[in-house]
Amino acid sequence: METHSRFLDGRIVCVIGDITDFRGSGSGATAIVNAANRSLLGGGGVDGAIHRAAGSSLLEECQALRRSTLPDGLQTGAAVMTGAGHLPVAHVIHTVGPVWAGGDAGEPELLRSAYAESLRIAAAADLVELAFPAVSTGVFGYPPPLAAAKAAAAIGTHLAANGRPESVYLVFFQRQDADTFAQSCGLTPLE
Ligand code: AR6
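Because the structure is a prediction, the values reported are computed rather than measured.

Asker: Go over the overall build of the protein chain, please, and point to the residues and values.
Answerer: Within the protein chain one finds 5 helices and 7 strands. Starting at the N terminus, the α and β elements of the protein chain follow one another as β-β-β-α-α-β-β-α-β-α-β-α. For 191 residues, the compact-globule formula gives about 16 Å, and the C-alpha radius of gyration of the protein chain, at 15 Å, lands near that figure. Principal-axis analysis of the C-alpha atoms places the extent of the protein chain at approximately 45 × 40 × 30 Å. Expressed as a percentage of its 191 residues, the buried residues of the protein chain come to 46%. Taking contacts inside the protein chain between residues at least 6 apart in sequence as the whole, the part at least 24 apart equals 67%.

Written out as structure tokens, the structure is:
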């Protein structure tokens, strides 16, 4: 994975690559975030890639959650943690971002919540590193520049008040998506 840029004293690291390859620096427990849907039972995009790489135990854990604590699925803006199957991280934190519907249907607050809830769960589990994909900016259609600003604000708020996770990685599939993030996030990159 190639580092693209760093922000907030290096606690936000923007990288280019496939999030299923993320393994962290080895300095402590690590998780990746899945941009899931409310069913929690898999889908396309990054969700499909994570389930394929993790193997069947991830789907079985999600099915168990549906039978127990989440019979109606996961609310938009909420998050839940599972194991990570064959992935080289300890956990997957599944969150559901909003479907973009023009911006006046509560999407910004729901996207903020998806990031904030994922970070809250990571902190409660004492995770040292957490990697996010660009939640909602694929199939769900959230404009990437607007999502960048919202994600950066939510992560910045969490990091200002919490020592865990120490580092948040933002994983972009394509260099152009990382460029867009850096230009639109409202944070000053480290030299
Ligand atoms: N690693 C990193 N980023 C990726 C990867 C990957 N392996 N694969 C895709 N992306 P999306 P959403 C980027 O559509 O918009 C699913 O069907 C992708 O280029 O995966 O939140 C779920 O089941 C884009 O920038 O998530 C839901 O139904 C970003 O990840 C729905 O899609 C998010 O794209 C969720 O839609």
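Asker: Go over the packing of helix α1 (residues 45-54) against helix α2 (residues 56-67), please, and point to the residues and values.
Answerer: At a minimum axis distance of 5 Å, the contact between α1 and α2 shows a crossing angle of 115°. Taken together, the axis directions place α1 and α2 in an arrangement best described as roughly perpendicular. Contacts between α1 and α2 involve Ile 50, His 51 and Ala 54 on the former and, on the latter, Ser 56, Ser 57, Leu 58, Leu 59 and Cys 62.

Asker: Describe the pattern of salt bridges, naming the residues involved and giving the relevant values.
Answerer: Applying the stated criterion to the full structure yields 5 salt bridges. Between Glu 109 and Arg 112 there is a salt bridge, with its nearest N and O atoms 2.9 Å apart. Of the two residues, Glu 109 and Arg 112 are both situated in helix α3 (residues 107-124); the distance of 3 residues between them amounts to about one turn of the helix. When its relative accessible area of 43% is taken as the criterion, Glu 109 is described as partly exposed.

Asker: Provide a residue-level description of unusual backbone geometry, including the pertinent values.
Answerer: The phi torsion of most residues other than glycine is negative, and most of the peptide bonds are trans. Of note, the amide linkage connecting Arg 164 to Pro 165 takes the cis form, showing an omega dihedral of -10°. Looking at the element boundaries, Pro 165 is found in the loop between α4 (144-161) and β7 (167-172). Located in the positive-phi region is Leu 40, a residue other than glycine, with phi close to 65°. Here Leu 40 lies in the loop between β3 (30-35) and α1. The exposure class assigned to Leu 40 is buried, which follows from its relative accessible area of 2%. At Asp 126, a position not held by glycine, the phi torsion is positive, near 60°. Checked against the element boundaries, Asp 126 lands in the loop between α3 and β6 (129-132). Residue Asp 126 is classed as partly exposed on the basis of its relative accessible area, which comes to 46%.

Asker: Outline the sheet that holds strand β5 (residues 91-95), supporting the account with residue identities and numerical values.
Answerer: Taken in spatial order, the 7 strands line up as β1-β2-β7-β6-β3-β5-β4 in an open sheet, and their pairing is mixed. Looking at the sheet topology across the chains shown, the edges are occupied by β1 (2-7) and β4 (79-83). Each neighbouring strand pair of the sheet contributes to a mean axis angle of 25°, computed without reference to strand direction. Across the sheet, α1 is in contact with β3 and β5; its angle to β3 comes to roughly 135°.

Asker: I'd like a rundown of the layout of surface pockets, residues and numbers included.
Answerer: Space inside the largest pocket adds up to approximately 810 Å³. What lines the largest pocket is a set of 36 residues, among which Val 46, Pro 133, Ala 134, Thr 137 and Gly 138 lie closest to the centre. When contributions to the lining of the largest pocket are tallied by element, the ones reaching two or more residues are α1, α4, β7 and α5 (175-184). Within the lining of the largest pocket, the residues separate by chemical class into 21 nonpolar, 12 polar and 3 charged.

Reading the values: rules and limits
- Residues numbered from 1 in each chain as written.
- Predicted model: local features only at pLDDT ≥ 70, side-chain atom pairs only at ≥ 80, totals over all residues.
- Heavy atoms only, no water.
- Helix = DSSP H or I, 4+ residues; strand = E, 2+ residues; numbered from the N terminus.
- Rg over C-alpha atoms; globule rule 2.2 N^0.38 Å.
- Buried < 20%, exposed > 50% of the residue type's maximum accessible area, 1.4 Å probe, protein only.
- Contact = heavy atoms within 4.5 Å.
- Axes fitted to C-alpha atoms, helices over the stretch in contact; angles between N-to-C directions.
- Parallel < 35°, antiparallel > 145°, perpendicular 65-115°, else oblique.
- Salt bridge = Lys/Arg side-chain N within 4 Å of Asp/Glu carboxyl O.
- Pairing = 2+ DSSP bridges.
- 1 Å grid on protein atoms, 1.4 Å probe; cavity = no way out; pocket = protein on both sides within 12 Å on 5 of 7 lines; lining within 4 Å.
- Points joined across faces, edges and corners; volume = space filled by probe spheres on them.
- Nonpolar A, V, L, I, M, F, W, Y, C, P; charged D, E, K, R; others polar.

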